[in-house]
Protein chains: 2
Amino acid sequence: MAKYVYTFGNKTAEGRADMKDLLGGKGANLAEMNLLGIPVPPGFTISTDVCTYFYQNNRTYPSTLKTEVDQAIRYIESLTGCKFGDPSNPVLVSVRSGARASMPGMMDTILNLGLNDKTVDGLIKRSGDARFVYDSYRRFVAMYGDVVLELKPESKEEEDPFEVLLAAKKREAHAKLDTDLKAEHLKDLVAQFKALIKERKGITFPEDPQEQLWGAVGAVFGSWMNDRAIVYRRLNKIPESWGTAVNVQAMVFGNLGENCATGVAFTRDPATGERAFYGEFLINAQGEDVVAGTRTPQQVTQKGSRAWANLQGVAEPERAKTFPSLEEKMPEACRELLGITDRLEAHYRDMMDIEFTIQDGKLWMLQCRVGKRTGFAAIRMAVEMVQEKLINKEEAILRVDPLMLNQLLRPVFDPAALRGAKAVARGLNAGPGAAAGRVVFHAMDAEEWAQKGEKVVLVRIETSPEDIRGMNAAQGILTQRGGMTSHAALVARQMGKVCVVGCEALDIDYSKEEMNVAGRVIRRGDWISLNGSTGEIYAERIPTKPSEVLQVLLDKTLSPDQAESYQLYKHLLGWADEFRTLKVRTNADQPDQAANAVAFGAEGIGLCRTEHMFFEGDRIDNVREMILADHVADRKKALAKLLPMQTSDFAGIFREMNGRPVTVRLLDPPLHEFLPHGPKATEELAEKIGMTYERVHAKVASLHEANPMLGHRGCRLGIVFPEITEMQARAIFTAAASVMKQGIQVHPEVMIPLVMTLEEFHAQAEIIHRVADEVMKETGQKIEYLTGTMIELPRAALMADEIAKEAEFFSFGTNDLTQTTMGLSRDDSGKFLPYYVAAKILLDDPFETLDVAGVGQLVRMATERGRKQRPKLKVGICGEHGGEPQSVHFFHDTGLDYVSCSPFRVPVARLAAAQAAIRSRNKKS
Amino acid sequence: MAKYVYTFGNKTAEGRADMKDLLGGKGANLAEMNLLGIPVPPGFTISTDVCTYFYQNNRTYPSTLKTEVDQAIRYIESLTGCKFGDPSNPVLVSVRSGARASMPGMMDTILNLGLNDKTVDGLIKRSGDARFVYDSYRRFVAMYGDVVLELKPESKEEEDPFEVLLAAKKREAHAKLDTDLKAEHLKDLVAQFKALIKERKGITFPEDPQEQLWGAVGAVFGSWMNDRAIVYRRLNKIPESWGTAVNVQAMVFGNLGENCATGVAFTRDPATGERAFYGEFLINAQGEDVVAGTRTPQQVTQKGSRAWANLQGVAEPERAKTFPSLEEKMPEACRELLGITDRLEAHYRDMMDIEFTIQDGKLWMLQCRVGKRTGFAAIRMAVEMVQEKLINKEEAILRVDPLMLNQLLRPVFDPAALRGAKAVARGLNAGPGAAAGRVVFHAMDAEEWAQKGEKVVLVRIETSPEDIRGMNAAQGILTQRGGMTSHAALVARQMGKVCVVGCEALDIDYSKEEMNVAGRVIRRGDWISLNGSTGEIYAERIPTKPSEVLQVLLDKTLSPDQAESYQLYKHLLGWADEFRTLKVRTNADQPDQAANAVAFGAEGIGLCRTEHMFFEGDRIDNVREMILADHVADRKKALAKLLPMQTSDFAGIFREMNGRPVTVRLLDPPLHEFLPHGPKATEELAEKIGMTYERVHAKVASLHEANPMLGHRGCRLGIVFPEITEMQARAIFTAAASVMKQGIQVHPEVMIPLVMTLEEFHAQAEIIHRVADEVMKETGQKIEYLTGTMIELPRAALMADEIAKEAEFFSFGTNDLTQTTMGLSRDDSGKFLPYYVAAKILLDDPFETLDVAGVGQLVRMATERGRKQRPKLKVGICGEHGGEPQSVHFFHDTGLDYVSCSPFRVPVARLAAAQAAIRSRNKKS
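Residues numbered from 1 in each chain as written. Chains lettered and ligands numbered in written order. Predicted model: local features only at pLDDT ≥ 70, side-chain atom pairs only at ≥ 80, totals over all residues. Heavy atoms only, no water.

Caption draft 1: Spotlight on the side chain of Glu 77 of chain A. All names here are of chain A. Among the structural elements, Glu 77 can be located in helix 3 (residues 65–80). Of the side chains bearing the opposite charge, Lys 83 lies closest to the buried Glu 77, which forms no salt bridge; the N-O distance is 4.2 Å. Among all residues touching Glu 77, those that are not within four sequence positions of it are Cys 82, Lys 83 and Phe 84. (Helix = DSSP H or I, 4+ residues; strand = E, 2+ residues; numbered from the N terminus. Buried < 20%, exposed > 50% of the residue type's maximum accessible area, 1.4 Å probe, protein only. Lys, Arg positive; Asp, Glu negative; His and termini not counted. Salt bridge = Lys/Arg side-chain N within 4 Å of Asp/Glu carboxyl O. Contact = heavy atoms within 4.5 Å.)

Okay, structure coming up:
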């Protein structure tokens, strides 16, 4: 018979850390902590199999589940000595979700379950604290009403109705804080809450703890499919099929008085990666108070506390009095906590994120998991843990999401501009980097404005899971409340967003859509700037500058020794290069781009788009003259003017690449892209090149295309106008010969675009070979070159064996291959792709992440067929996907020789390629 | 050792009729005639292997060829008793091309080879006719100069320089006809011709017969790759790899005096298919005089001669004197000829085209081959030969090119309009059908005007192989000279062009670009009309009317018994239906189209495009209102107005199809296609639907797409606007229920367009199933329906196994599948596809004939993968290729269930499907 429930408690457990798939991350780690002898409140985990069953069977449970849960409840009772629902000595439980991957705040949680009008008395008797019990009770009723009974605000404008009643009660009782409310006020609130539920939902609040428990379990399983969770999974690429487990655990209370506390800690600094314990706690509070960011938490260590006070401008006696550290307040529990966190990091060999509660001075661990971190922190931790010999290089490489490298390349404020600027306030540096944008106060506005192309900073009192789309759309996030572990901080860190939290100097008024700060009013639409690395906020738009890494690599304005982040970058990328087998090239059209790419580690140019050169200076006039020519002779005349320019462009690139291979693509875009639009521009051009307006206009009109993407472009230009191919080939080989004369090696790879038949390839290659021979004869310089093609049409992939008879290399143009394979215009799909992603018809934008299932088949097919025909066929990819880690992984697995991506993506591709090599080796062994 | 040369002569031969691949058609049949004991001048064939060798080895020959040719020459010498190059008793030979398939006039021929200044004397002595010998000599020198030494006119304007000298000589000698020239004139001409060659080409005319022979052989092999031959092969889909053979044969002379003749004959009438011998000849002439049409030939039989005279208005004594039949002139040779042709038809079991020469009263057969014929004739012969038990039904089916059926559906002149019209002249009815167009006198003009969309009739004194492109572009062809076997007649028949030849009443002046006929001048650009079935010519534009078959099937204005061509059609198509396994459906959007298609034999509708209905009457306003709606509610309101209209459309179609399956495709085109363009139309629309101009304009602008082909269309509309899908599904099922209530069976197949993922299909199918259930519940009518998809994107083909999980049928949209697979916009490719076809990069327009090598792979793949997932998956095709015979063959071989094509193509598809079934059965057995 299938086992659905796994108990843990008292340093023993039925589960283990490696059972995450079944127990979820939280459940598996609760079990593991027990096995490590760490104090954990007893409980049990309902496995993810039940979630799968739940959704496959119309939201019902396996028949044996009830019995197993009953037994597990008795197990909790036996360890706590209390009874579930017993009026005289009740045990209360929490019911929490726990999926295989952490999804903070996305799913539902219910605390203090088991309270009812009878157990309340027993608990008061046991705790001797009526106020605490009614505070727990009113929290429980509100949570249950919200989560299980779905009593939500009915409109965007309405506040949480439970909060409204609470605020009214506080006014009535002249209470400033929640904690100022007395037991009788809270008891009143419980009754008001229950009445509200009855009124709004027509449901009597369930007094039976069993009914409460099953309601909560159903709500948690149900929350797997709520909108927030779906969006979160999509953003984080978590499969829906995983499901969540449900953890039921005996409550311990951090809100049972002044010798109680609750907190969250990281074994290293999640923002900077520094090897320093980082913890926050609140006295007399429940866990969600810390996470929700409603109160500003205190620091666990004294050192941390002083640093925090310094940042906030809180002087010492005041700090020790108002914000003392746990180390000062409860030294013994703190020592135990630090001991446990050390053991956990050593055991898990990673930075851990833990939750703890101290009840009556006794420490309980409620959760431990691998901690989320910024890109900076991930890189620093990975590199330092190797240096500490905690992990090996492979593990270090696998621990850094390649896209996180982008954070090292993120702009910082222009120091010059910053000198004049004065921060108006300072918060916590939750997400590093510099951002500037216009203020919006609602997540929906952030989405809307961003869609219109505005850069925005989302400013909130605190964020909630409902805000994640808006956070994703914003340049930066700023909150008035909350610590480094608040929702805003966690989510921003993961998204790699610039984020400043807990800036209490702000006074935000949602209704007026403005905020007061340091005596000035900032309104919706005003510019502000955030320094996510320091926490500083500026009431102005501050220009940004390249990162430290860029300053070493490109600007050379910093020496490598000066730049800490450069050192980390250098280590990690160096290790990546040891492991990867896939080469990384870059897409560059100009000598300076080529130089940048080489600095980033590019091993060649995979795509040099010759048409970009056509727009330089006034050569566009020659290009237009060439296009408008009616006769071959006129066209050749115009091409002759372009020849020396293209030659010198290529020479510049060849020199910079210094012997690395350079793939030059022949002219690709439809000719009308080079022509002016509108009567005025047409008239100017006509005058410039001495044609009549009518003739220019007629020519422009005749070149118009219904579907230019599928029109007269690519090698189709060279077929109809072979003289263009000839000019370009001449420029390439002449440049190569001249650079080689200077003693620099050149390996040109001439790429024929948009080939669909061998015959097209042949016709173009014939010209290239002829011109190459001519130039070699004229210059006496032997040039080793390859002639190949882009595979960017499905037909080319299908006919790869044919085409490889003559083509010496393939380069997948995955942008166009995606457009044609999916029949999806990149320029137009913006109108409907969002619906597709929202409706889960597509999980990713196929222009961002390669559609492996569809387009990937053609990539694999073409590679196999091409190599079968020509075993030494060089195969690469030069679409945008060349710098996207998931796609790079696929390209490695498919056996490509190289990926080519934009210069700034070269480090990402290098790391991704190393991960792919390590993972596929691990899979094999 | 390979054998390259095959001799024949004196009723024996090394080759056979079934060795066409090696010997070409001419060579194989010359051998076969020998084996049949028919008199054939001796000779030999150099095989097509030599042609292959020639092109693979830089135009050189196998080393053993020379020896074999020498031996074969000796074989001819032994049979003729003359010697090649012997001054006293020379044998002359002809050197002709002969490919596997006939390519009339496309390649080169040289006659009278072996003549030089010495052999001339021997031949004069032997023949006793100096005039004949010098006539042959001057012909040979001119031919050799043209073909081997490439002395051609140097510009379009220049006349043939040999003809210029001939004309000058005629003026000088006051000779009206060539035959008026005397021996000394002709001898002079030989000298002038040789001098011209020396002057223009710098070459001394070769006197050595061996040199002449090898020059001629090389020229014939070389002519395989001349422009005319290349174009002809492309038009007739003859592979370049086949190559040509070369036939060298002892000359016999039809121009050796009045008891000599040469002629061409068909065993049945090639124009009408009538079972009646049809032959033409010229007294004292060489074969090319008949084919070239320079003299109007006489009829072989007396019956034929009288009919011809009647048509031409030549009275009896005049006929017998000037145009006597061969039967009258040389009764014995004629009897032998008729006996031979009867044997040949019985032996080859097909209508034969033969060439003969009578030298000094003795009949020689020079060539026999299966005769080309019009579509009418092909059908009549096929049907009648089955009735004569000469061939079986399978053979009859295979003998008719399915596209020829179109000739039966060709318009005729509107009889009413014709009543008033008076023919200005009459020629020979070489290509049936009625055509009207504007006169052009040059093939290049025909091409140019046709490209501009003009209908033209090409009028020539006589046509030559250089004219075939222009002939292809013209509606009809009219020549002043030439018989039914002239170049114009042959080529037009094959192209299925309306053609009238030999209309001597015309007096054409190329230089003025006008012609005189019956006292009136017709100039370039004037309208004329041709009746290719009667030979009548009208100096006006006469409206056309449907064919007889159409009048029976569609108009019902003729009874089946009245219509002869309908009887032939009915027989042939009836047999086709016995053999074919592929079903044939039609693409139809309206009840009347559906009715037509059923009359043509359609077994269902494979594609009903719902958007065509959107343009009917004023419903376009409702469509536009729907598109311009900003909110779902407004859109639904507009859709509600469209619902009853679509419902009644579907009901009409379902009624007409009377139980046959009907595939309805949901809305496909991008919405902007329904909107007005330009300010005026926008303003009108705005007023009509009560919106501001600005709003309508903004909406139109926002719907603009860069690549609409790859844009927001197909099921992407239904995903974003599910209410459209819902309306259409409701219309389909409501219509089905209402028609079924009337006792008519309905089998709707709902087709979701442009699917690329299973998820899209699922989302749309969900709506369809829900609406179907609702309608069935509301009406109490059970409807059996299928839900399927078009496979028109490469990704859909690649993911066919996935999509078939839910799709119950596939229908290949090969138009769009071709566009996306090849990255080729149908609308734009006209600008470069002609270059592609000219440069032989593509052999066919892929929108006409399916690209089997590329697109075909996806069709095969999707069919296999889909059927693997769902063995009973119904698979069809509804692109234009569904009515193209070659493509239909592929679809049969791929195992599709049906093809769907336009109503008029249904007969073509039925015949093509039968041919495919028979051919693939023949291949297996």
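After presenting the structure, the write-up continues.
Caption draft 2: Structural context of the pairing of strand 29 (residues 786–791) of chain B. Residue and element names in this part refer to chain B. Across the 6 residues of strand 29, 5 count as buried, placing the element largely inside the fold. Direction of pairing for strand 28 (residues 747–752) relative to strand 29: parallel, over a ladder of 4 bridges. If you follow Met 751 over to strand 29, its bridge partner there is Gly 788. This β-α-β element, strand 28 to helix 32 (residues 758–779) to strand 29, shows right-handed connectivity. Where strand 29 and strand 30 (residues 809–812) come together, 3 bridges link them in parallel fashion. The residue of strand 30 that forms the bridge with Met 790 is Ser 811. (Pairing = 2+ DSSP bridges. Right-handed = clockwise from strand over helix to strand, strands pointing away.)

Caption draft 3: Region of interest: the packing of helix 3 (residues 65–80) of chain B against helix 8 (residues 209–223) of chain B. Residues and elements named next belong to chain B. Contact geometry for helix 3 and helix 8: axes closest at 13 Å, N-to-C directions at 115°. As helix 3 packs across helix 8, the resulting crossing turns out to be right-handed. Together, Leu 65, Lys 66, Val 69, Asp 70 and Ile 73 of helix 3 and Gln 210, Leu 213 and Trp 214 of helix 8 make up the contact between the two elements. Considering only residue class, the contact of helix 3 with helix 8 consists of 5 nonpolar, 1 polar and 2 charged. (Axes fitted to C-alpha atoms, helices over the stretch in contact; angles between N-to-C directions. Left-handed = near helix turned anticlockwise from the far one by under 90°. Nonpolar A, V, L, I, M, F, W, Y, C, P; charged D, E, K, R; others polar.)

Caption draft 4: Just the nonpolar core, in detail. Within the largest apolar cluster, 297 residues are counted, with the highest numbers of intra-cluster contacts made by Phe 733 of chain A together with Phe 733 of chain B. Those residues in contact with Phe 733 of chain A that lie beyond four places of it in its chain are Val 750, Ile 768, Val 771, Ala 772, Val 775, Ile 783 and Tyr 785 of chain A. Within the second largest apolar cluster, 93 residues are counted, among which are Val 141, Met 143, Phe 323 and Ala 488 of chain B. (Core = buried A, V, L, I, M, F, W, Y, C linked by side-chain atoms within 4.5 Å.)

Caption draft 5: Expanded view of the interface of chain B and chain A. Between chain B and chain A, the residue contacts involve 48 residues of the former and 48 residues of the latter. Across the contact surface, chain B and chain A share 2 salt bridges. A salt bridge links Arg 795 of chain A to Asp 851 of chain B, with the shortest nitrogen-to-oxygen separation between them at 2.6 Å. Viewed at the interface, chain A and chain B are joined by 22 residue pairs in polar contact (both at pLDDT 80 or more). Across the side of chain B that touches chain A, the residue classes break down as 24 nonpolar, 13 polar and 11 charged. (Polar contact = N/O pair within 3.5 Å; in protein donor to acceptor, adjacent residues only side chain to side chain.)

Caption draft 6: Representation of helix 28 (residues 679–689) of chain B within the structure. Residues and elements named next belong to chain B. Considered for burial, the residues of helix 28 that qualify are Thr 682, Leu 685 and Ala 686. Along helix 28, the residues classed as buried sweep out an arc of 100° about the axis, all on the same side. Those residues of helix 28 that are exposed and aimed more than 90 degrees away from the buried face are Lys 680, Glu 687 and Lys 688. Downstream of helix 28 by one or two residues, Gly 690 has phi in the positive range, about 65°. (Arc of directions from axis to C-beta.)

Caption draft 7: Layout of the relation of the copies chain B and chain A. The operation relating chain B to chain A is a screw motion whose rotation component is 180°, with 0.0 Å of axial translation and a residual RMSD of 0.2 Å. Accordingly, the operation relating the two chain copies is best matched by a two-fold axis. Both copies contact each other with a shared surface, as 100% of the interface residues of chain B are interface residues in chain A too. (Least-squares fit on C-alpha atoms with pLDDT ≥ 70 in both.)

Caption draft 8: The pattern of salt bridges, seen in detail. Residue and element names in this part refer to chain A. Under the defined criterion, the tally for this structure stands at 116 salt bridges over all chains. A salt bridge links Glu 316 to Arg 319, with the nearest nitrogen and oxygen atoms 2.8 Å apart. Highlighted residues: Glu 316 and Arg 319, both in helix 12 (residues 316–322), separated by 3 residues, approximately one helical turn. Relative accessible area serves as the criterion here: at 35%, Glu 316 is assigned to the partly exposed category. Residue Arg 319 is classed as buried on the basis of its relative accessible area of 0%.

Caption draft 9: The pairing of strand 18 (residues 498–501) of chain A, seen in detail. Residue and element names in this part refer to chain A. Side-chain alternation along strand 18 places Val 498 and Val 500 on one buried face and Cys 499 and Val 501 on a second face that is also buried. Where strand 14 (residues 428–431) and strand 18 come together, 3 bridges link them in antiparallel fashion. Counterpart to Leu 428 in the pairing with strand 18 is Val 501. Note that strand 17 (residues 476–479) and strand 18 share 3 bridges and pair parallel. Paired with Gly 476 across the strands is Val 498, a residue of strand 18.

Caption draft 10: Representation of the environment of Thr 272 of chain A in the model. All names here are of chain A. Mapped onto the elements of the fold, Thr 272 is located in the loop between strand 7 (261–266) and strand 8 (278–283). Taking the C-alpha atoms as reference points, Thr 272 and Pro 432, 160 residues apart in sequence, are found 8.4 Å from one another. Engagement of the side chain of Thr 272 in a polar contact is seen with the backbone nitrogen of Glu 274, the distance being 3.1 Å.

The values are spatial; any link to function lies outside them.
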